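# Structural description and commentary
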Amino acid sequence: MDEAIARFLVARQAIRAHTLNQYRRILGIYKSIGDWPPTPEGIAAFIEHFKEYEQNTVHTYFSILRNFIRFAYRRRLITDDPLDDITAPRRPGSLPRAPMSDTLKILFSYLEQQVERVITTKKKPYPWWGWREVRNLALYSMMLDSGLRVNEAVNVRLVDVDL
């Protein structure tokens, strides 16, 4: 296993020293826990070893091990790919960040001015505006006023609107 780890690290000399040290450390942990050649049980024990860690950390550590095992398999240092029977730890999804309230105030103010211009003058606010700009203005206003997401706003049909 030491030779396989050494070959793996040499093949990755183009990456930063910090990353190489991280690879070395994580593969050293696997070496103390898992089997050689790698088995599904050894990989499961490796994942279990980090059960108290954050999901992102476990996912990163598993990715390092997976890269190493795939490297060893491609180089024929191992004969079987034990990853076929392993479900990778999931990285938690993150929620999108909401815009700052100041940004929303500026956007609302701008849209109100443009809508007011269109309504009061009965024509386009700017001579270069075409039907797309007017449509986009209406779409933005509808999204902000009703709280629609982009996908919901795009899929609104005329029959969905109560005028």
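Remember, it's a predicted structure, so these values are computed and weren't measured experimentally. (Residues numbered from 1 in each chain as written. Predicted model: local features only at pLDDT ≥ 70, side-chain atom pairs only at ≥ 80, totals over all residues. Heavy atoms only, no water.)

## Overview of the overall build of the protein chain
Counting its regular elements, the protein chain contains seven helices and zero strands. Once the C-alpha set of the protein chain is aligned to its principal axes, its extents read approximately 80 × 35 × 30 Å. The proportion of buried residues among the 163 residues of the protein chain is 26%. Taking as baseline every contact in the protein chain between residues at least 6 positions apart, the subset at least 24 positions apart corresponds to 51%. By element, 53% of the accessible surface of the protein chain is carried by carbon and sulfur atoms, the whole surface being about 12,100 Å². Mean positive and mean negative side-chain charge positions of the protein chain (24 and 19 charges, respectively) differ by 9 Å. (Helix = DSSP H or I, 4+ residues; strand = E, 2+ residues; numbered from the N terminus. Buried < 20%, exposed > 50% of the residue type's maximum accessible area, 1.4 Å probe, protein only. Contact = heavy atoms within 4.5 Å. Areas by Shrake-Rupley, 256 points an atom, 1.4 Å probe, with all protein chains shown as cover. Lys, Arg positive; Asp, Glu negative; His and termini not counted. Charge placed at Lys NZ, Arg CZ, Asp CG, Glu CD.)

## Observations concerning the packing of helix H3 (residues 40–49) against helix H4 (residues 55–74)
Look at H3 against H4: their axes get within 10 Å of each other, and the N-to-C directions meet at 155°. Judged by the inter-axis angle, H3 sits roughly antiparallel to H4. Considering the relative orientation of H3 and H4, their crossing is right-handed. For the pair H3 and H4, contact is made by Ile-43, Phe-46 and Ile-47 and by Val-58, Tyr-61, Phe-62, Leu-65 and Ile-69, respectively. For the contact of H3 with H4, a count of residues per class yields eight nonpolar, no polar and no charged. (Axes fitted to C-alpha atoms, helices over the stretch in contact; angles between N-to-C directions. Parallel < 35°, antiparallel > 145°, perpendicular 65-115°, else oblique. Left-handed = near helix turned anticlockwise from the far one by under 90°. Nonpolar A, V, L, I, M, F, W, Y, C, P; charged D, E, K, R; others polar.)

## Quick word on the environment of Ile-47
With respect to the helices and strands, the residue Ile-47 is situated in helix H3. Distance in space between the C-alpha atoms of Ile-47 and Pro-89 is 8.0 Å, their sequence separation being 42 residues.

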